[in-house]
Amino acid sequence: MSTAKKEYKRITTNSLVEMKGNGHKIAMLTAYDYTMAKIIDRAGIDVILVGDSASNVMAGHETTLPITLDEMIYHASAVIRAVERSLVVVDLPFGSYQGNSKSALESAIKIMKCSGGHAVKLEGGSEIRESVSRILTAGIPVMGHLGLTPQSIYKFGTYTVRAKEIEEAAKLKEDALLLESLGCFAIVLEKVPAKLAKEVAESLRIPVIGIGAGNGVDGQVLVTHDMLGMTHEFNPRFLRRYVDLFSEMTTAFKRYIADVKSLDFPNEKEQY
Ligand code: KIV
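Positions within a chain are numbered from 1, following the residues in the order the chain's sequence is written. Only residues with pLDDT of at least 70 get local features here, since the model is predicted, and only at 80 or more are side-chain atom pairs given and counted; chain-wide, interface and lining totals rely on the full set of residues. Values shown for side chains rest on all heavy atoms present in the structure; no hydrogens or waters enter the calculation.

### Description of the overall build of the chain
Argument step 1. The numbering of helices and of strands both runs from the N terminus, where a helix is a DSSP run of H or I of at least 4 residues and a strand a run of E of at least 2. A count of helices and strands for the chain gives 11 helices and 8 strands.
Argument step 2. Computed over C-alpha atoms, the radius of gyration of the chain comes to 20 Å, within 12% of the 19 Å expected from 2.2 N^0.38 for 272 residues, which places it in the range of a compact globule.
Argument step 3. With the C-alpha coordinates aligned to their principal axes, the bounding extent of the chain is approximately 65 × 45 × 35 Å.
Argument step 4. Classification of the 272 residues of the chain by burial places 50% in the buried group.
Argument step 5. Mean positive and mean negative side-chain charge positions of the chain (32 and 33 charges, respectively) differ by 4 Å. Each radius of gyration reported is based on C-alpha atoms, and the globular scaling rule is 2.2 Å times the count of residues to the power 0.38. For every residue, the accessible area obtained with a 1.4 Å probe (protein chains only) is divided by the maximum for its type, and the residue is called buried under 20%, exposed over 50%, and partly exposed between those limits. His is not counted, nor are the chain ends, whereas Lys and Arg count as positive and Asp and Glu as negative. Charge positions come from single atoms, namely NZ of Lys, CZ of Arg, CG of Asp or CD of Glu.

### Observations regarding the site of the ligand
Argument step 1. The criterion for a residue being near a molecule or strand is simple. One of its heavy atoms has to lie within 4 Å of it. Around the ligand sit T30, L49, G51, D52, S53, D91, K121, H145, V188, E190, I211 and V223, and those are all the residues in its vicinity.
Argument step 2. The definition of a polar contact used here is a pair of N or O atoms within 3.5 Å, where within protein one atom must be able to donate a hydrogen and the other to accept one, and adjacent residues in sequence count solely through side-chain atom pairs. Note that an oxygen atom of the ligand is positioned 3.0 Å from one of the side-chain N or O atoms of D52.
Argument step 3. When the ligand sits alone it has 260 Å² of accessible area, and the protein chains cover 95% of it.
Argument step 4. Three residue categories are used. Nonpolar comprises Ala, Val, Leu, Ile, Met, Phe, Trp, Tyr, Cys and Pro, charged comprises Asp, Glu, Lys and Arg, and polar comprises the others, including Gly. Of the residues that constitute the shell around the ligand, the class distribution is 4 nonpolar, 4 polar and 4 charged. To be clear on the numbers: accessible area is Shrake-Rupley with a 1.4 Å probe, and residue cover counts the displayed protein chains and nothing else.

### Re the nonpolar core
Argument step 1. Residues belong to one nonpolar core when they are buried, are Ala, Val, Leu, Ile, Met, Phe, Trp, Tyr or Cys, and are joined through side-chain atoms within 4.5 Å. Within the largest apolar cluster, 58 residues are counted, with the highest numbers of intra-cluster contacts made by L92, V120, L122, I135 and L189.
Argument step 2. Sorting elements by how many residues they give to this core places helix α4 (residues 69-82) first, with 6 residues.
Argument step 3. The contact criterion used throughout is that any non-hydrogen atoms of two residues lie within 4.5 Å. Not counting the four nearest positions on each side in its chain, I135 is found in contact with L92, A104, L105, A108, V120, L122, I140 and V142.

### Considerations on the domain arrangement of the chain
Argument step 1. As assigned here, the chain comprises domain 1 (13-241) and domain 2 (244-272).
Argument step 2. These domain boundaries are the output of an automatic or database domain assignment. Of note, the centres of domain 1 and domain 2, computed from C-alpha atoms alone, are 38 Å apart.
Argument step 3. On the domain 2 side, the residues contacting the 4 residues of domain 1 number 5 residues.
Argument step 4. Considering only the surface of domain 1 that becomes buried against domain 2, L228, M230 and H232 emerge as the three largest contributors, covering 85% of it. By convention, the term buried area covers the 1.4 Å-probe accessible surface removed from two parts as they join, with the contributions of both added.

### Side note on the packing of aromatic side chains
For any pair of aromatic rings, geometry is given as the distance between the ring centres together with the angle between the planes.
Argument step 1. Whether two aromatic rings pair depends on their centres lying within 6.5 Å, for rings of Phe, Tyr and Trp, where Trp uses its six-membered ring; planes under 30 degrees apart make the pair stacked, over 60 edge-to-face, and the rest tilted. Following the criterion strictly, the structure yields 1 aromatic pair and no others.
Argument step 2. Here, a charge over a ring is recorded when the distance from Lys NZ or Arg CZ to the ring centre is within 6 Å and its angle to the ring normal is within 35 degrees. The ring of F156 has R162 lying over it, and the distance from NZ or CZ to the ring centre is 3.9 Å.

### Quick word on the packing of helix α2 (residues 34-43) against α4
Argument step 1. Lines fitted to C-alpha atoms define the axes, with helix axes restricted to the stretch in contact, and inter-axis angles between N-to-C directions lie between 0 and 180 degrees. Taken N-terminus to C-terminus, the directions of α2 and α4 make an angle of 40°; their axes are 8 Å apart at the nearest point. Taken together, α2 and α4 sit at an angle that is classed as oblique. Our pair here, α2 against α4, has a crossing hand that is right-handed. For the pair α2 and α4, the contacting residues are Y34, A37, K38, D41 and R42 in the first and A78, V79, R81 and A82 in the second. Note that the term roughly parallel is reserved for angles under 35 degrees, roughly antiparallel for angles over 145, roughly perpendicular for angles of 65 to 115, and oblique for everything else. By convention the crossing between two helices is left-handed if the near helix lies anticlockwise of the far one by an angle smaller than a right angle, and right-handed if it lies clockwise.

### Observations concerning a nonpolar patch on the surface
Argument step 1. Residues with no salt bridge and a relative accessible area higher than 30% make up the patches, which join like charges within 9 Å and nonpolar side chains (Val, Leu, Ile, Met, Phe, Trp, Tyr) within 5 Å. When a carboxyl oxygen of Asp or Glu lies within 4 Å of a side-chain nitrogen of Lys or Arg, that pair is called a salt bridge. A contiguous nonpolar patch, built from M249, F253, Y256, I257, V260 and F265 and spanning about 550 Å² of accessible area, is present on the exposed surface.
Argument step 2. Along the chain, the position of F265 falls in the segment after α11 (245-261).

### Quick notes on unusual backbone geometry
Argument step 1. At the junction of F265 and P266, the peptide bond is cis and its omega measures out at -5° in the coordinates.
Argument step 2. With respect to the helices and strands, P266 occurs in the segment after α11.
Argument step 3. Here the phi dihedral of L263 falls at roughly 65°; this positive angle occurs in a residue that is not glycine.
Argument step 4. Mapped onto the elements of the fold, L263 is located in the segment after α11.
Argument step 5. For L263, a relative accessible area of 73% corresponds to the exposed category.

Following this line, the structure appears as structure tokens:
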């Protein structure tokens, strides 16, 4: 059922559950710095994810594994300073929550205290139930992440679609129900068959945000640098590019270089 669109001055975890209840889709994008977060927030995005994809996009690592808690806090603090309306969710990086629930809670508290983020996201299901529960008992909102979980890439071996087989799909459905029952406010489903993602979304009260999970879910997330066409080497089927900034920026840089070399820049009006 879709009702008239409610205007939210500030998005909270409750707003997202309400949006799902009203049949309104949730739009989420990543940001890792002040300037990008400001543009995205003012454009009206519902959720900004300070993703550990910063490890790839910002730092050039091959995987998300190397990024540290302190680096995530640096990125999240910059985003928080820019944001007026969006809910800001911060990824707990690899190694900061898998060990035991006490260190998971310490990591989540550090993120919340030092960055001012509004919620944390963790990858995994039943394996991390204790960590999720303990973080929630401290009053920190948790977003789950199932399907392709890039922090486990060395276990999977590839970035191909997950949960195509019955057994893995059944475990994913169980994990989604578990995360909801523990108290998560939303779940990201990455790179799973659209039919499965729709079933999961329909079985939950909390929103399911998809990336490569079809449009039967409650919202979508993309990595901003990918949808802006800044990253040319990454071409999954689910990625829609809204602009080719790689080419646009290359043209601008080339013009600047040429202007400097030809003494065209700065001209008389551009100096003191
Ligand atoms: O780190 C990230 O950007 C993510 C999204 C792909 C969901 O987790």
